[in-house]
Each structure stands twice: as structure tokens, then as C-alpha cells.
Protein chains: 6
Amino acid sequence: MPLVHITRRERFSASHRLARPDWSLEKNLQVFGKCANPNGHGHNYDLWVTVKGEPDPETSFVIDLSLLGRIIKDRVIQFVDHRNLDVDVPFMQGRYSSTENLAIAIWEQLEAPIREAGAALHCVKLQETENNHVEYHGA
Amino acid sequence: MPLVHITRRERFSASHRLARPDWSLEKNLQVFGKCANPNGHGHNYDLWVTVKGEPDPETSFVIDLSLLGRIIKDRVIQFVDHRNLDVDVPFMQGRYSSTENLAIAIWEQLEAPIREAGAALHCVKLQETENNHVEYHGA
Amino acid sequence: MPLVHITRRERFSASHRLARPDWSLEKNLQVFGKCANPNGHGHNYDLWVTVKGEPDPETSFVIDLSLLGRIIKDRVIQFVDHRNLDVDVPFMQGRYSSTENLAIAIWEQLEAPIREAGAALHCVKLQETENNHVEYHGA
Amino acid sequence: MPLVHITRRERFSASHRLARPDWSLEKNLQVFGKCANPNGHGHNYDLWVTVKGEPDPETSFVIDLSLLGRIIKDRVIQFVDHRNLDVDVPFMQGRYSSTENLAIAIWEQLEAPIREAGAALHCVKLQETENNHVEYHGA
Amino acid sequence: MPLVHITRRERFSASHRLARPDWSLEKNLQVFGKCANPNGHGHNYDLWVTVKGEPDPETSFVIDLSLLGRIIKDRVIQFVDHRNLDVDVPFMQGRYSSTENLAIAIWEQLEAPIREAGAALHCVKLQETENNHVEYHGA
Amino acid sequence: MPLVHITRRERFSASHRLARPDWSLEKNLQVFGKCANPNGHGHNYDLWVTVKGEPDPETSFVIDLSLLGRIIKDRVIQFVDHRNLDVDVPFMQGRYSSTENLAIAIWEQLEAPIREAGAALHCVKLQETENNHVEYHGA
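Rules of the game
Residues numbered from 1 in each chain as written. Chains lettered and ligands numbered in written order. Predicted model: local features only at pLDDT ≥ 70, side-chain atom pairs only at ≥ 80, totals over all residues. Heavy atoms only, no water. Helix = DSSP H or I, 4+ residues; strand = E, 2+ residues; numbered from the N terminus. Buried < 20%, exposed > 50% of the residue type's maximum accessible area, 1.4 Å probe, protein only. Contact = heavy atoms within 4.5 Å. Buried area = accessible area lost by both parts, 1.4 Å probe. Salt bridge = Lys/Arg side-chain N within 4 Å of Asp/Glu carboxyl O. Polar contact = N/O pair within 3.5 Å; in protein donor to acceptor, adjacent residues only side chain to side chain. Nonpolar A, V, L, I, M, F, W, Y, C, P; charged D, E, K, R; others polar. pLDDT = per-residue confidence, 0-100. Least-squares fit on C-alpha atoms with pLDDT ≥ 70 in both. Pairing = 2+ DSSP bridges. Phe/Tyr/Trp six-rings, centres within 6.5 Å; stacked < 30°, edge-to-face > 60°. Axes fitted to C-alpha atoms, helices over the stretch in contact; angles between N-to-C directions. Parallel < 35°, antiparallel > 145°, perpendicular 65-115°, else oblique. Left-handed = near helix turned anticlockwise from the far one by under 90°. Disulfide = S-S within 2.5 Å.

**Side note on the overall build of chain A**
Working step 1: A count of helices and strands for chain A gives 3 helices and 5 strands.
Working step 2: Taken along its principal axes, the extent of the C-alpha atoms in chain A is 60 × 25 × 25 Å.
Working step 3: Residues counted as buried form 61% of the 139 residues belonging to chain A.
Working step 4: Taking the intrachain contacts of chain A between residues at least 6 apart in sequence as the baseline, contacts between residues at least 24 apart amount to 65%.

**Points about the interface of chain B and chain A**
Working step 1: Of the residues lining the interface, 18 residues belong to chain B; the matching set on chain A comes to 19 residues.
Working step 2: For the pair chain B and chain A, the summed buried area comes to about 1,600 Å², and 52% of that belongs to carbon and sulfur atoms.
Working step 3: Here chain B is connected to chain A by 1 salt bridge.
Working step 4: For B:Glu130, the salt bridge identified is with A:Arg9, shortest N-O distance 2.8 Å.
Working step 5: Where chain B meets chain A, there are 8 residue pairs in polar contact (both at pLDDT 80 or more).
Working step 6: Put simply, the parts of the chain that give the side of chain B that touches chain A at least two residues each are helix H1 (25–32), helix H3 (99–116) and strand E5 (132–136) of chain B.
Working step 7: Ranked by the residues each element gives to the side of chain B that touches chain A, the list is headed by E5(B), at 5 residues.
Working step 8: Along the lines of polarity and charge, the residues of the side of chain B that touches chain A split into 8 nonpolar, 6 polar and 4 charged.

**Details of the confidence of the model for chain A**
Working step 1: The share of residues in chain A with pLDDT of 70 or more is 100%, and the mean pLDDT across the chain is 96.
Working step 2: For this predicted complex, the interface score ipTM comes out at 0.95, alongside a pTM of 0.97.

**Brief notes about the relation of the copies chain B and chain A**
Working step 1: Mapping chain B onto chain A calls for a screw motion: a turn of 120° about the axis and a shift of 0.0 Å along it, with 0.0 Å RMSD after fitting. Such values leave the two copies arranged in the relation of a three-fold axis. In terms of proximity to the rotation axis, the leading residue of chain B is B:Glu130, whose C-alpha is 8.7 Å off the axis.

**Quick look at the interface of chain C and chain B**
Working step 1: Across the boundary between the two partners, chain C contributes 24 residues, which contact 24 residues of chain B.
Working step 2: Both sides of the chain C and chain B interface together cover about 1,900 Å² of buried area, and 38% of this is carbon and sulfur.
Working step 3: The largest per-residue losses of area from chain C upon contact with chain B belong to C:Asn39, C:Asn44 and C:His82, which jointly make up 31% of the total buried on that side.
Working step 4: In this structure, the connection of chain C to chain B is made through 6 salt bridges.
Working step 5: Inspection of the region where chain C meets chain B yields 27 residue pairs in polar contact (both at pLDDT 80 or more).

**Examining the pattern of salt bridges**
Working step 1: Evaluation of the coordinates by the stated rule reveals 54 salt bridges over all chains.
Working step 2: Across the pair A:Lys73 and A:Glu10 runs a salt bridge whose closest N-O atoms are separated by 3.9 Å. Of this pair, A:Lys73 sits in helix H2 (residues 65–80) while A:Glu10 sits in strand E1 (residues 4–16), placing them 63 residues apart in sequence.
Working step 3: For A:Lys73, a relative accessible area of 39% corresponds to the partly exposed category.
Working step 4: Ionic contacts of the salt-bridge type, sharing partners, join the residues A:Arg9, A:Arg11, A:Asp46, B:Glu130, C:Arg9, C:Arg11, C:Asp46 and D:Glu130 into one network.

**Some details on the side chain of A:Asp46**
Residue and element names in this part refer to chain A.
Working step 1: Here aspartate 46 lies in strand E2 (residues 41–53).
Working step 2: Taking relative accessible area as the criterion, aspartate 46 reaches 11% and is therefore assigned buried.
Working step 3: In terms of polar contacts, aspartate 46 uses its side chain to reach the side chain of arginine 9, at 3.0 Å.
Working step 4: Setting aside residues up to four positions removed in sequence, aspartate 46 forms contacts with Arg9, Glu10, Arg11, Lys125, Leu126 and Gln127.

**A short note on the environment of B:Ile6**
Working step 1: Position of B:Ile6 among the secondary structure elements: in strand E1 (residues 4–16).
Working step 2: Classification of B:Ile6 as buried rests on a relative accessible area of 2%.
Working step 3: Other than its neighbours up to four places away in sequence, B:Ile6 contacts B:Val49, B:Thr50, B:Val51, B:Val62, B:Ile63, B:Leu65, F:Glu100, F:His133 and F:Val134.

**A closer look at the pairing of strand E4 (residues 120–129) of chain E**
Residues and elements named next belong to chain E.
Working step 1: Most of E4 is tucked away, with 7 of its 10 residues classed as buried.
Working step 2: Of the pairings in the sheet, the one linking strand E2 (residues 41–53) to E4 comprises 7 bridges and is antiparallel in character. When the sheet's bridge partners are listed, valine 51 is paired in E4 with leucine 121.
Working step 3: Connecting E4 to the next strand, strand E5 (residues 132–136), in antiparallel fashion are 2 residues.

**Here's the deal with the packing of aromatic side chains**
Working step 1: The final tally for this structure, using the stated rule, is 30 aromatic pairs over all chains.
Working step 2: With centroids separated by 5.5 Å and ring planes inclined at 75°, the aromatic side chains of D:Trp107 and D:Tyr136 adopt a geometry described as edge-to-face. With a gap of 29 residues between them, D:Trp107 in helix H3 (residues 99–116) and D:Tyr136 in strand E5 (residues 132–136) connect regions that are remote in the sequence.
Working step 3: Taking the relative accessible area as the measure of exposure, D:Trp107 reaches 8% and is therefore buried.
Working step 4: Classification of D:Tyr136 as buried rests on a relative accessible area of 4%.
Working step 5: With 6.1 Å between their ring centres and 85° between their planes, E:Phe79 and E:Phe91 make a pair best called edge-to-face.

**Regarding the pairing of strand E4 (residues 120–129) of chain C**
Each regular strand shows side chains that alternate between the opposite faces of the sheet.
Working step 1: One ladder, built from 5 bridges, connects E4(C) with strand E5 (residues 132–136) of chain C; its direction is antiparallel. By the bridge assignment, C:Leu126 is partnered in E5(C) with C:Val134.

**Focus on unusual backbone geometry**
All names here are of chain A.
Working step 1: Positive phi, normally seen in glycine, also occurs at serine 60, with a value near 60°.
Working step 2: Tracing the sequence through the fold places serine 60 in the loop between E2 and H2.
Working step 3: Judged by its relative accessible area of 4%, serine 60 is buried.

**Brief notes about the relation of the copies chain C and chain B**
Working step 1: Expressed as a screw operation, the relation of chain C to chain B combines 0.0 Å of axial shift with a rotation of 180°, fitting to an RMSD of 0.0 Å. Such a turn and shift between the copies fits a two-fold axis.
Working step 2: An overlap of 100% is found between the interface residues of chain C and their copies at the interface of chain B, pointing to a shared contact surface.

**Notes on the environment of B:Gly94**
Working step 1: Looking at the secondary structure, you find B:Gly94 in the loop between strand E3 (83–84) and H3.
Working step 2: Put simply, B:Gly94 and B:Glu10 are 84 residues apart on the chain and 25 Å apart in space, counted from C-alpha to C-alpha.

**Things to note about the packing of helix H2 (residues 65–80) of chain E against helix H3 (residues 99–116) of chain E**
All names here are of chain E.
Working step 1: The interhelical angle for the contact between H2 and H3, taken along N-to-C directions, is 135°, at an axis separation of 10 Å. With respect to H3, the element H2 is oriented oblique. Both H2 and H3 take part in a crossing whose hand is right-handed. Only Ile106, Gln109, Leu110, Pro113 and Ile114 of H3 make contact with H2, whose side of the interface consists of Leu68, Ile71, Ile72, Arg75 and Val76.
Working step 2: In the contact of H2 with H3, the residues fall into 8 nonpolar, 1 polar and 1 charged.

**Considerations on the environment of E:Gln93**
Working step 1: Its location among the elements puts E:Gln93 in the loop between strand E3 (83–84) and H3.
Working step 2: For E:Gln93, the side chain forms a polar contact with the main-chain oxygen of E:Val89, separated by 3.0 Å.

**Here's the deal with the state of the cysteines**
Working step 1: Inspection of the entire model under this criterion finds 0 disulfides over all chains.
Working step 2: D:Cys123 supplies the cysteine sulfur nearest to C:Cys123, a cysteine that is in no disulfide, at a spacing of 13 Å.

**A few points about the side chain of C:Glu128**
Working step 1: If you trace the backbone, C:Glu128 turns up in strand E4.
Working step 2: Aside from chain neighbours lying at most four places away, what touches C:Glu128 is B:Asn44, C:His16, C:His43, C:Asn44, C:Tyr45 and C:Thr99.

As C-alpha cells, then:
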């Protein structure tokens, strides 16, 4: 049977700051550079969620894209859009808001509900600026 | 020997409608949403065709890109560009025009002629809107 | 007082066909080329609506962007998205669906409600593909 | 003599919040919506600076683009990139950080040094997300 | 009658070098920086040609876009695509290949044939990289 | 432990020509088409470098992106930007400047310094125009 990957993009705008609370400002600025600016900065994030599976014989869909969009909005976007990643987001508590950590946390938010919808999460791709992005395929 | 992937993008504009002929309009609208609108809708599709192989020692090409472009135009674009995917396209007869099915059908159109050109088709990526695309790597 | 232009983009996917009902198929194909394909084709349209005005002293907004988005959705997008421009759209009745005509019709839909919202419509920019777009600034 | 417009794009990432200090949180949320989230949010801003003038007979440049880039970095980018627009930016003191106000403030930063470089500032275009931007042409 | 602007994009890839033959290499490098590298460099240029006019009552076109595309290819693209702007292009003889000069030369190539096609050239926009472009509206 | 891929984009503008010195101009034009134009042509290249690894427990970075950027600039960009790939670039000596060969050469420039920085090079993706790119994952 054919295996197909399908990807949906969602976007959000958030602020954050890269800094360890157990480090001095001096050390944070040395390690994280301008990302450690005490008053924070922000980005327009682009999020691509890729799901894999066999097309359903009835609908020829791997997953209903509007269902996938709803899962992403319910489990991720409503918590991060127009928010501060370091203060406002329950699933980022206790993690530094590096793009790597944010992608891993988004994977954890999405894996179970996508499995319950009969498909398999394949990749979370998160773009912070047009010059850098990360991809996570699960542990 | 080094294995390299090379990708060419082509584009086409087509109309289609998502609906099963054996279902009522009511059921089609329920399952396919606005994609089941009886008079159809349309998209600008972006198609990326990825071929893999070892660079030719003489030309250092995996495949001549103008030959690859010609194959894609001859086998796919001329049949779908400025067409109705549900009515006009021979290789979509008997298939619903979901992005998944269209990517699989395009793979079937391209695999043999690319093999005859001395390379191997690796991936068909088909983007329907900037928010969703599918990828197919063969059965 | 400073005059500022503010632009909001919305998108829609629609099918259409370029053909005059009073011309033969032969003549339509000769004048409109592949755009006259009898079963239609389609596009992802990008619509940029530019409004001009002085920023409000209280909010420093020329126009509330969420209100502008709502006007565009209520007056344009809900009628054209996932529709057939030649059959389904009330405000295109009796007009060929050239990009020029569609941009003019969208202007007519938007001018009054934007004026009622206290701002002035400046430009409707409508992109059919990444290679062509039209702009209309009113009569 | 021919008049030519030349545009340079620079980018920056910043956080901000839309809220009036003399309004309650309730009223701020009602007027500014999710942009009034108390802990802020952020964006990747794209800034296009357009300068007009006659090409120099010696160099055929309206303005040396590397000089223009340096002016934009010295007068704007170093103050806003990876910063909080409401706290960190001297030239935004006392102004709400709406895109309109930010574009006007950037104009004020750039007009004199571009005039001193022998050219004339024509337009500041500031994009907050791919769906909205403002343009300012001066008072 | 409504005035509409319509734009077509074409692309070309070319090499060039910024340097005055009457200056020393040292002076050229000082004024033109890395653009004066003796062996040249190159770009993918994006060219947007904007034409204005009233839609034709019969076709509702300002200009037939395939005719406009043909004019641009015949008068510009065939001379510059995959060429060296300083050596191969008849209409650039005697001019430095700054983006400003190239846009002016393209205007001169296009103005008459577009007028003969019953429309009026409005703007030539030429993008050298995603960070800089020029616009020319005629003398 | 989670494996994450992180990608950084850099850009450069270069000229080149596709031609074998041991072939006649006639044969070069026949095989390489307009890419064999004797005076060369050029492109804006987009380069995406993907690195894989486990996020560092202290910083949660796979690799410090500013370090990665510095490696790419020191080992690749300074040699190719605003240069002629066939004449000016030490690591392209003796190779035809096909996109395939250039991607392989860039891999060879980057693999060791990225390994020394504690991460592993995963993919070099090199885009010549918006219509074609190659990817190389190592031998």
C-alpha cells in the first residue's frame, strides 16, 4: 500500500528570551548573545506538521486536513500565538525556549491526538526566521 | 560514489472538486467541506520532482535538467495545466482528485521515463496552497 | 497630519474560465488560449487590500486590522473561496472573470464598508499566479 | 534627467505589546485583542526603505547601497533588533508600538541622514507578518 | 473609464561586473567594493513590467498577457538570460551594468512595442537580490 | 536522547559557465545549452546547511547558530560570494561548476569544522534558481 506524507503549515507570533535563570546576565549575554536581551524579543514562527499514512480507501485522505488543522490549533497555536513563550505557555514550563526545545515540546503535544486520529506524526519543522529552522522526528 | 538528489519545480493551474459520485451532495459536503462545492474550485499547484543518482563523470549531472523538465512537461504538465482534474486528465480517470491521489498518479507518470533517462525518481512533492502539500516516495 | 497606507492580505482558491458566451469555442480558444478550456481551470488568488488614512489619536490605527479582515471576508472571501467565479459569485454576474474585472468588482464590494469604517480604500491588488497581478485604484 | 527609486530591505526581530497605560487591562484587551497580552508577543519585521534620485553620472548609483544599508543599521536596526519595542528603543519612547507608529518613527530616523547622503527618502514599508504591512511617505 | 495596472514577471540569470574602464582596479574596488571583482559575479534577476490602461470592452484585458510576455522575451530576456551583461547585451553597450542603468535600458526596450500593442508602460521593477531592487517610471 | 536537525541558510551571488575545456564550443553548447555561453552567466545561490545532533543539556542547542554561520562564512561564503566559480574559488579548481559538484565541494569544506564543533553535518542543499536545487548527504 502507498505511504504518503502530508504537511500542514500553521503560523504564530510570540516573544521569548534565551537565558538560564541560574546564570548571571553577563554569562547569559556571552552564551546567548543578543537573544539574551533582558526585555526579550520575538518572532513570526512558521510551523510545518508532517503526518504519514496510507490514503483512506473511502476519502483518499491520509488525514482530514481540517481535522489536522484543528488539532494543531487546539494543542499548540492557542497556547503560543501572541504569547510570551517563557511565561505564558504551559507545555514550555521548565524549558528554555530554544527552537530545538520548542519543536520537541510541540511534537509531544501533537503525537497522541494525531495517533488517535488514525495517522502517525512524522516531523515537526519549526522556522524562527527565514534563515534558520529545526526539524524533529521523535525520540 | 556520491549520491546526489536534484529537484526541479514546475507549476500548473487546475480546477477540481472533491466528491464521490456514489454519495449524496449532503454527504459529500459533510465529508469534504467546501472542497465539495458543486461547481468546483481551483489551485495553482507547485510540483517538485526529485531525482537521485550519481553525477555523470562526463557532465557531472545526475540528470540533464532540461531533459527532466521536458519529461515533466510531456508526461504531466500538458495534461493538467489549465485543465479540470476531474474531467480532462487521462491519468486521473477513476480517481478522486485529492492531493494524495494526484501525487501518486504523477509518480506513475514519471517513474518509467526518468528510469529510461538513466536516473531514479526519488520524490514527488505537490503543493496545493502555501499551507499544505504532500510527498510521495513510491510504493 | 501623517497619511499612512496599511495593507491586509487575504487568500482564496477559485475556478473559472475565460470565454464569451456570444463567441464560438474556436474564437474563444483563439483569443483566450488555454484559459478558454471548456471545463475550466483554477488558481490560488492572493488579494492585498490597501487602506489609507491618518492614525487614530487613541489607538494609532488607520483602521483596526481585524475589522478590515472581517469586511474583506464578509464582502469578498465568503463568496469566492472554493467557488467557481463564473457560476457561484453574485457580484461577478454578467462579467467575464478576467483578473482585471475581478479586481474592479472587489473594489466595488469593499469601498462603501471601508468608508463606513472611517477609512478610505486606496488599492486592490489581485495576484493570479506568482507571475501576474493587477492593481486597481478606483474610477 | 531620469528619476529612479531604489529599495533596500533589512530585517529585525522584536517583541512588543499593544496597550495604553491609561486604560484598564479589560479595555486594552477589548480594543487591541490578543495584541494586548500582558506578557507581550513578537514578530520578524521586514523593512523596505525606498530612496529616489537621479543616478550619479560617475557611478550610475542613486545611492551607494552599502552606505544606505549602513545608515539603516546605524539609525534603526541596532536599536530594534532582538529588542522590546516598548522598553528598549529610544525613538519609540512615548509612542504605542503599532506598525503605523513604528513606520513613522523609522522615517524620522532615516530622513536626515539619507538627505545628507545626497538622496531623498521616498517610502518606509514595514511588514509585521506576511498578511499585513504599512507604508509611510512622510508628512 | 477605469484605469487598471497589470504586471507580468519574467526572470533571467546573468553575470556582470561593476567597474569603470577609465579607473584603476584599486579605485574600482574602493568605489564598487566586491561588485568590482575582476572575474565578475552574477544574479538571478526578477523583472516586473507594469502596464496601465483601460480594459478592452471585448476581452476585458488591459493587454493580452501572453503578448506582453512575448514582447518582454523578444526585447529583453533573449538578450540577457544566461549572458554577461557587460559583454553580450547590445542595449547595454556603453553603460555600466548597475541595476539603475539596466532598469532604464529595459524601459527603453519595452516602451515602444507596448505602445504599439495599445497600452502604456508604467513601471519597470528590477530585483537583483531579495534585499534590493529598483523601479523606473520613465523620464 | 532526542536527535534534532537544525538548518541555517546563507546566500551568495556568483558567476560561472558550464563547459569542458577539452570539448569544442559547439559540443559544449550542444550538451550544456545556454549554460555554456562563452562569457558566462550568474545566479543568486541559496545554501541551506543542516546539522544533526542532540541538544546540549546546558544550552539546549544542537550547535550555536552564530558559530555555524561563522563556519559557513569562513569556509564557503568568503570564497564564492561575488566571485567567478570557475576562476576564483580554490576548492572548485579542477571541477566543472555544476550545482551537483558545487554542493559536494561545499560539503567537503564544512564537514570537518562542523565535526570539530561537536555536531554532524547532515545535508547541504544548494538552490540555483527557484526552479532547481540539489541536496547532498555525504559519500
